[in-house]
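Below, each chain spelled out in residue letters.
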Amino acid sequence: MCGIVGAVSQRNIVPILIQGLQRLEYRGYDSCGVAVHQGGELRRARSTSRVAELNEMVAVDGVEGLVGIAHTRWATHGVPAVHNAHPHFSHGTGHEAKSAKAGRIALVHNGIIENHDELRADLKARGYAFTSQTDTEVIAHLVDSLYDGDLFDAVERAIAHLKGAYAIAVFCRDEPLRVIGAREGSPLVLGVGVGENFLASDAMALAGVTDQIVYLEEGDVVDLQQGKYWITAKGEDGAARSRVERPVKTVHAHSGAAELGPYRHYMQKEIFEQPRAIGDTLEGIEGITPELFGDGAAEVFANVDKVLILACGTSSYSGMTAKYWLESIAKIPAQVEIASEYRYRDSVPDPRTLIVTITQSGETADTLAALKHARSLGMTNTLTVCNVSTSAMVRECKLAYITRAGAEIGVASTKAFTTQLAGLFLLTLTLAKTRGHLSAEQEADHLKAMRHLPVALQAVLALEPQVIAWAEDFASKENALFLGRGLHYPIALEGALKLKEISYIHAEAYPAGELKHGPLALVTSAMPVVTVAPNDALLEKLKSNMQEVRARGGQLYVFADGDTRIESDSGVHVIRMPEHYGALSPILHVVPLQLLAYHTACARGTDVDKPRNLAKSVTVE
Ligand code: F6R
């Protein structure tokens with residue numbers, strides 16, 4: 001996580017750096033800061049508030065320059081505090097923007113340096129004073145210790161000592177028109193301008209500044225000057241570093257600065273955008289064909305006989321839903337693994353596995369590492385369902401289905417989840433067809449239901465006023481249980497995750513049949529039990545589980561399909577959904593759970609779009 005922007009220009013770059021930070025705030029918002037080369041010295045401003053306040057600070061303090069770097073932080077080493085905020089200076093002694101004297105090296109970092117303790121001890125022994133708890137300050141001092149008049153050389157030598165993941169941007173008091181960037185394991189792009197060059201964690205930060213983007217590769221170091229840049233790559237098998245050319249791509253990055261319109265928060269806006277997002281994701285699909293997933297997909301699909309899904313968080317829940325679809329409709333064995341677990345466990349690889357990664361951002365470090373791990377085990381048939389076409393994940397996978405949710409700004413994922421489900425349902429139908437399990441009639445029926453989804457979603461969104469009434473009850477609770485069965489168990493998991501991450505109410509989800517094996521002990525009249533109740537084959541079983549809750553005084557809050565005949569009663573609150581929507585029902589049932597989490601969080605007054613301790617894009621492991 002963390003967001004980086006850097007610039008070398010012939011104009012004052014502070015407004016560009018600040019604008020870039022505003023667009024990168026999704027990557028972390030514990031603190032932010034900017035440093036420039038001004039009056040022959042390094043100057044900086046740092047804040048534990050939002051970028052808007054930093055903007056006021058730099059204006060008041062008159063911070064400006066032709067060269068600078070900026071950062072928005074998601075804290076890993078050291079609490080969110082000004083002294084831990086980036087940029088860090090070598091020999092930093094806490095001098096802030098007004099100080100005439102500060103260090104020699106200014107540096108920002110995204111990632112985690114695993115050997116920072118050893119490096120810190122060594123640098124301390126050599127007289128370097130530390131003013132923060134961060135692993136980043138270690139890199140600033142390290143570069144300083146290796147500096148001998150050429151910053152590029154010092155950075156190349158410094159990264160040879162680093163273990164872990166990093167993207168860094170660095171400049172030096174003694175070389176006023178130069179910024180150096182380097183990456184290994186964390187994203188960094190170079191933006192090429194006319195007489196100016198930029199660095200950023202995401203091309204989106206540079207939208208409107210330049211659309212000429214170079215995606216730096218693992219191990220690259222880049223030297224940015226006013227009218228030129230060059231890149232060196234690490235040598236294979238210990239060979240020396242050498243200069244490389246990287247392709248410059250024209251990227252029409254969206255600034256992400258979407259208007260809120262009539263909505264209070266981006267999350268609410270994004271929930272209500274789902275009919276449009278699903279419509280866009282499925283647009284132009286006339287029939288089921290492997291080419292929906294890219295060139296060569298037919299050959300890949302013909303060569304696989306199992307699916308392994310790798311993802312994190314909400315994306316792993318769309319994967320869990322897809323597992324039910326894949327096994328029941330496409331009759332292909334499917335397994336879902338949390339990426340951070342899979343990458344470190346011993347597993348039994350099978351080259352005839354289709355590896356499917358699911359990721360909104362396409363930059364999640366654990367999911368990328370899990371993909372690489374699977375590939376290193378000989379599983380090279382890779383496909384991603386991803387919302388960002390320019391992301392590392394799309395570049396790394398053979399095949400891709402790009403969801404068209406549009407930029408998702410709220411930290412809690414909503415429209416990305418439902419569009420992932422749409423993409424995964426298409427994958428299910430495609431594998432079913434490839435394997436001879438989809439008749440022409442079934443294909444037509446499924447496609448019809450998919451095309452009708454935007455309308456069906458509108459009907460569910462119309463339930464918002466009823467959900468708001470429930471949210472008022474939920475706002476005073478400290479715990480909640482979510483129940484679902486089968487295809488809707490992952491939806492219960494997603495509902496619980498949404499509630500906990502934005503309202504800070506402790507929430508757990510269980511397959512309803514599992515209740516009696518332990519969690520029933522938690523059920524009292526103070527425990528709301530949210531139940532996802534579609535009119536599917538498991539409905540009668542679910543009703544029995546609901547009775548078990550009622551018998552212990554638990555309060556049931558049931559989202560029931562219109563055709564289930566579940567009625568409101570004492571201790572049973574019911575919101576009636578439209579009629580059952582068959583296999584695609586999870587896409588509808590998750591929406592009221594998103595609304596419940598959203599309105600509960602609003603009632604509790606939390607920072608809905610930027611919940612505490614979290615960030616949108618998790619680029620550290
Ligand atoms: C929860 C949420 C996270 C993400 C997870 C994976 O609302 O957004 O759980 O789903 O961090 O992120 P992506 O999908 O970008 O890989």
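Reference entry: report on the structure contained in this document. Since the model is a prediction, treat every value here as computed from it, not as a measurement.

What counts and how
- Residues numbered from 1 in each chain as written.
- Predicted model: local features only at pLDDT ≥ 70, side-chain atom pairs only at ≥ 80, totals over all residues.
- Heavy atoms only, no water.
- Helix = DSSP H or I, 4+ residues; strand = E, 2+ residues; numbered from the N terminus.
- Rg over C-alpha atoms; globule rule 2.2 N^0.38 Å.
- Buried < 20%, exposed > 50% of the residue type's maximum accessible area, 1.4 Å probe, protein only.
- Lys, Arg positive; Asp, Glu negative; His and termini not counted.
- Charge placed at Lys NZ, Arg CZ, Asp CG, Glu CD.
- Phe/Tyr/Trp six-rings, centres within 6.5 Å; stacked < 30°, edge-to-face > 60°.
- Lys NZ or Arg CZ within 6 Å of the ring centre and 35° of its normal.
- 1 Å grid on protein atoms, 1.4 Å probe; cavity = no way out; pocket = protein on both sides within 12 Å on 5 of 7 lines; lining within 4 Å.
- Points joined across faces, edges and corners; volume = space filled by probe spheres on them.
- Nonpolar A, V, L, I, M, F, W, Y, C, P; charged D, E, K, R; others polar.
- Near = heavy atom within 4 Å.
- Polar contact = N/O pair within 3.5 Å; in protein donor to acceptor, adjacent residues only side chain to side chain.
- Areas by Shrake-Rupley, 256 points an atom, 1.4 Å probe, with all protein chains shown as cover.
- Contact = heavy atoms within 4.5 Å.
- Pairing = 2+ DSSP bridges.
- Axes fitted to C-alpha atoms, helices over the stretch in contact; angles between N-to-C directions.
- Salt bridge = Lys/Arg side-chain N within 4 Å of Asp/Glu carboxyl O.

1. Remarks on the overall build of the protein
The secondary structure content of the protein amounts to 18 helices and 25 strands. Computed over its C-alpha atoms, the radius of gyration of the protein comes to 26 Å, within 12% of the 25 Å expected for a compact globule of 621 residues. A total of 621 residues make up the protein; the buried ones form 60% of that total. In the protein, which carries 59 positive and 73 negative side-chain charges, the distance between the mean positions of the two groups comes to 1 Å.

2. Structural notes on the packing of aromatic side chains
All chains considered together, the criterion is met by eight aromatic pairs. Relative to Phe559, the ring of Trp470 lies with its centre 5.0 Å away and its plane at 55°, an arrangement referred to as tilted. Here Phe559 lies in strand E24 (residues 555-560) and Trp470 lies in helix H15 (residues 464-474), a separation of 89 residues in the sequence. The same class applies to Trp470 as to Phe559, namely buried. An aromatic cluster of three or more residues is present, and its members are Trp470, Phe474, Tyr557 and Phe559. A cation sits over an aromatic face here: Arg44 above Phe89, 4.1 Å from the ring centre.

3. Some thoughts on the layout of surface pockets
Volume-wise, the second largest pocket comes out at about 660 Å³. Arg183, Gly185, Glu218, Leu368 and Lys372 are, among the 31 residues lining the second largest pocket, the residues nearest its centre. Broken down by secondary-structure element, the contributors of at least two residues to the lining of the second largest pocket are strand E7 (164-172), strand E8 (175-184), strand E11 (212-215), helix H11 (365-376) and helix H12 (392-396). Here the lining of the second largest pocket gets five residues from one element, more than from any other, and that element is H11. Of the residues contributing to the lining of the second largest pocket, the split by class is 13 nonpolar, five polar and 13 charged.

4. Looking at the site of the ligand
In the region of the ligand, 14 residues are neighbours, and Ser315, Gln360, Ser361, Thr364 and Glu501 sit closest. Within the side chain of Ser315, a nitrogen or oxygen atom sits 2.6 Å from an oxygen atom of the ligand. The contact in question runs from an oxygen atom of the ligand to an N or O atom on the side chain of Thr359, over 2.7 Å. Here the ligand has 410 Å² of accessible area as a free molecule, and 90% of this is covered by the chains. Here the element with the most residues in the shell around the ligand is helix H9 (residues 313-328); it accounts for three residues. Classifying every residue of the shell around the ligand gives four nonpolar, eight polar and two charged.

5. Topic: the side chain of Gln360
Structurally, Gln360 can be placed in the loop between strand E18 (353-359) and H11. Judged by its relative accessible area of 12%, Gln360 falls in the buried class. At 3.1 Å, the side chain of Gln360 and the side chain of Asn387 are in polar contact. Apart from residues no more than four positions distant in its own chain, Gln360 is found in contact with Ser315, Cys386, Asn387, Val388, Glu408, Ala416, Gln420 and Lys616.

6. Regarding the sheet that holds strand E10 (residues 197-200)
Ordered by their spatial adjacency, eight strands build an open sheet running E3-E2-E4-E1-E10-E9-E11-E15, and the pairing between neighbours is antiparallel. Either end of the sheet is taken by a strand with one partner, and the two such strands are strand E3 (41-47) and strand E15 (249-250). Note that strand E9 (residues 189-192) and E10 share four bridges and pair antiparallel. Bridge pairing links Leu190 to Leu199 in E10. Against the sheet, helix H1 (residues 14-24) makes contact with strand E1 (3-8), strand E2 (31-38), strand E4 (67-73) and E10, and its axis sits at roughly 160° relative to E1, the strand it touches most. The sheet strands contacting helix H2 (residues 51-61) are E2 and E3, and the helix crosses E3 at an angle near 140°.

7. Focus on the sheet that holds strand E16 (residues 306-311)
Spatial ordering of the open sheet is given by E17-E16-E18-E19-E20, a layout of five strands whose pairing is parallel. Each edge of the open sheet is held by one strand with a lone partner, namely strand E17 (334-338) and strand E20 (399-402). This sheet shows a mean twist of 20° between the axes of neighbouring strands, independent of strand direction. For strand E19 (residues 382-386) and E20, the ladder comprises four bridges, and the chain directions are parallel.

8. Side note on the pairing of E3
Burial of E3 is extensive: seven of the seven residues sit out of reach of the surface. Pairing between E2 and E3: seven bridges, direction antiparallel. The partner of Gly33 across the bridge, within E3, is Arg46. Between the end of E2 and the start of E3, which pair antiparallel, lie two residues, with Gly39 showing a positive phi angle near 60°.

9. A look at the pattern of salt bridges
Tallied over the full model, the rule gives 32 salt bridges. In this structure, the salt-bridge partner of Asp144 is Arg104, at a minimum N-O distance of 3.2 Å. Note that Asp144 is positioned in helix H4 (residues 136-146) and Arg104 in the loop between strand E5 (88-89) and strand E6 (105-113), a separation of 40 residues in sequence. Taking the relative accessible area as the measure of exposure, Asp144 reaches 3% and is therefore buried. For Arg104, a relative accessible area of 22% translates into the label partly exposed. With a shortest N-O distance of 3.0 Å, Glu156 and Arg241 are connected by a salt bridge. Note that Glu156 is positioned in helix H5 (residues 151-159) and Arg241 in the loop between strand E13 (229-233) and strand E14 (242-244), a separation of 85 residues in sequence. Of the residues examined, Glu156 reaches a relative accessible area of 19% and is grouped as buried.

10. Observations regarding the side chain of Thr134
Along the chain, the position of Thr134 falls in the loop between helix H3 (116-125) and H4. Separated by 3.1 Å, the side chain of Thr134 and the backbone nitrogen of Glu137 make a polar contact.

11. Structural notes on the environment of Phe272
One can find Phe272 in helix H6 (residues 266-272). For the pair Phe272 and Gly164, spaced 108 residues apart in sequence, the C-alpha separation works out to 40 Å. When neighbours within four sequence positions are excluded, Phe272 is seen to be in contact with Tyr263, Leu461, Glu464 and Leu595.

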